[in-house]
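Coordinates in review
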Amino acid sequence: MRRPVLAANWKMNNGPTAARAFIAAFTARWTPHDDRTVIFFPPAVALTTVVHALGGRRDLDVGVQNIWTEDKGAFTGENSAPMSKDAGARYALVGHSERRHVFGETEAQTAQKCAAAVRGGIIPILCVGELLAQREAGTTNDIVLRQLEVGLSELSPDAIASMAIAYEPVWAIGTGKTATPSDASTVHGAIRSALDKRLGKSSGDVPILYGGSVNAGNAKSLLSTPGIDGLLVGGASLDVEGWAAICDT
Ligand code: 13P
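Let us look at the overall build of the protein chain. For the protein chain, the count of helices and strands is 11 helices and 8 strands. The globule rule puts the C-alpha radius of gyration for 249 residues at 18 Å, and the 17 Å found for the protein chain is close to it. Its C-alpha atoms give the protein chain principal-axis dimensions of roughly 45 × 45 × 35 Å. Relative to its full complement of 249 residues, the protein chain shows a buried share of 50%. Relative to all contacts within the protein chain whose residues are 6 or more apart in sequence, the contacts with residues 24 or more apart total 71%. With an accessible surface of roughly 10,900 Å², the protein chain has 54% of that area assigned to carbon and sulfur atoms. Treating the 23 positive side-chain charges of the protein chain as one cloud and the 25 negative ones as another, the clouds have centres 3 Å apart.

With respect to spatial proximity, 13 residues lie near the ligand, and among them K11, H96, G174, S213 and G235 are the closest. The side chain of H96 places a nitrogen or oxygen atom 2.8 Å from an oxygen atom of the ligand. Protein coverage of the free-state accessible area of the ligand, which is 310 Å², stands at 95%. Of the residues belonging to the shell around the ligand, the class tally is 4 nonpolar, 7 polar and 2 charged.

Applying the stated criterion to the full structure yields 9 aromatic pairs. Taking the centre distance of 5.6 Å and the plane angle of 65° together, the rings of W10 and F40 count as edge-to-face. On the criterion of sequence distance, the pair formed by W10 in the loop between β1 (5-9) and α1 (16-29) and F40 in strand β2 (residues 37-41) is long-range, its members being 30 residues apart. By way of ring pairs, the aromatic residues W10, F22, F26, W30, F40 and W243 are connected into one cluster. Sitting over the ring of F103, R99 keeps its end group 4.2 Å from the ring centre.

As a further point, take the state of the cysteines. By definition, a disulfide is the covalent link that joins the sulfur atoms of two cysteine residues. Throughout the structure, instances matching the rule amount to 0 disulfides. Unpaired in this structure, C127 has its nearest cysteine sulfur neighbour in C114, at a distance of 9.1 Å. Given the relative accessible area of 1%, C127 is considered buried. In this structure C247 is not part of a disulfide, and its nearest cysteine sulfur, from C127, lies 17 Å away. A relative accessible area of 0% means that C247 is categorised as buried.

This part is about the sheet that holds strand β4 (residues 91-94). Reading around the barrel, the 8 strands line up as β1-β2-β3-β4-β5-β6-β7-β8 and close back on themselves, with parallel pairing between neighbours. Neighbouring strand axes in the sheet, compared pairwise and without regard to direction, differ in orientation by 25° on average. Its contacts with the sheet place helix α2 (residues 47-54) against β2 and β3 (60-64), and it is angled at close to 175° to β3.

Thresholds applied
The numbers attached to residues start from 1 for each chain and follow its sequence in the written order. With the structure being a predicted model, the display of local features is reserved for residues of pLDDT at least 70 and the display and counting of side-chain atom pairs for 80 or more, all residues being used for whole-chain, interface and lining totals. The side-chain figures draw on all heavy atoms in the structure; neither hydrogens nor water molecules are used. Secondary structure follows DSSP: runs of H or I at least 4 residues long count as helices, runs of E at least 2 residues long count as strands, and numbering of each begins at the N terminus. Every radius of gyration here is taken over C-alpha atoms, with the globule rule written as 2.2 Å times N^0.38, N being the number of residues. The classification of residues rests on relative accessible area computed with a 1.4 Å probe and restricted to protein chains. Under 20% of the type maximum is buried, over 50% is exposed, and intermediate values are partly exposed. In this analysis, two residues are considered to be in contact whenever any of their non-hydrogen atoms come within 4.5 Å of each other. Only the protein chains shown count as covering a residue, and every accessible area follows the Shrake-Rupley method with a 1.4 Å probe. Charge convention: Lys and Arg are scored as positive, Asp and Glu as negative, and His as well as the terminal groups of each chain are ignored. The atom standing in for a charge is NZ when the residue is Lys, CZ when it is Arg, CG when it is Asp and CD when it is Glu. Nearness is defined per residue: one heavy atom within 4 Å of the molecule or strand is enough. Each polar contact in these results corresponds to two N or O atoms within 3.5 Å; when the atoms are within protein, one needs to be able to donate a hydrogen and the other to accept it, and residues that are neighboring in sequence are counted only if both atoms are side-chain atoms. In this count, Pro and Cys sit with the nonpolar residues alongside Ala, Val, Leu, Ile, Met, Phe, Trp and Tyr, while Asp, Glu, Lys and Arg are called charged and the others, Gly among them, polar. To pair, rings of Phe, Tyr and Trp, with the six-membered ring standing in for Trp, must have centres within 6.5 Å; the planes then decide the type, stacked if under 30 degrees apart, edge-to-face if over 60, and tilted in the middle. Look at NZ for Lys and CZ for Arg. If either is within 6 Å of the ring centre and within 35 degrees of the ring normal, a charge sits over the ring. Criterion for a disulfide: a pair of cysteine sulfur atoms within 2.5 Å. Here the rule is simple: two strands pair whenever DSSP picks up at least two bridges between them. Note on geometry: axes are C-alpha line fits, over the in-contact stretch for helices, and angles between N-to-C directions span 0 to 180 degrees.

None of this, on its own, says anything about what the molecule does.
Next comes the structure, spelled out in structure tokens:
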């Protein structure tokens, strides 16, 4: 059975000083559980700080929020997969809605970034999700499945079988509006079927996370919804006690 994945996307919060204090408080509060995977996605400048602050705790993992498509070179401001791995990242978010909608990341780039992650020895977590207008127009599945198909287009079946997907409806991110368990379940089911089809066999080892206004109050019902294998949490992962409560769920 897949282990539930609880992932904290700190976005542009917690530089090295705040990150060190957060991890110190969190590791003191949260005792190791070997039945779930907990991953921190700090800003890139705090990645090594978090790795060191975790002090080798094997129950807690680290990832980067974004990587560039190339391994090195003249790409001012960007970080590559090999560099992120060298800094201690095991995972990379790819195609987060803020990358797509604030920074104009294209679907083709999400495919290149997934490929770059795998090439660099990092596990991609491909994020997909529809805008409110797309949901209202009834095109949610079309949008999400297209993002999935393009994002995975440069990956081998083996690479897909060892990655993760996150469904984050854009209208639910940072808004306090969460998809209903039944809405989320429908989309997760569609993603699961598409993954099975793409692999030509069960994609059972690929966790599909839900993200969008998750908090300690709704984490339990989301995690017990069929098809939801984990949570990708923004705002509520910035509070030690709140995040620990979600990880305890
Ligand atoms: P919120 O939990 O703040 O809605 O953010 C979700 C998200 O974008 C996680 O990647």
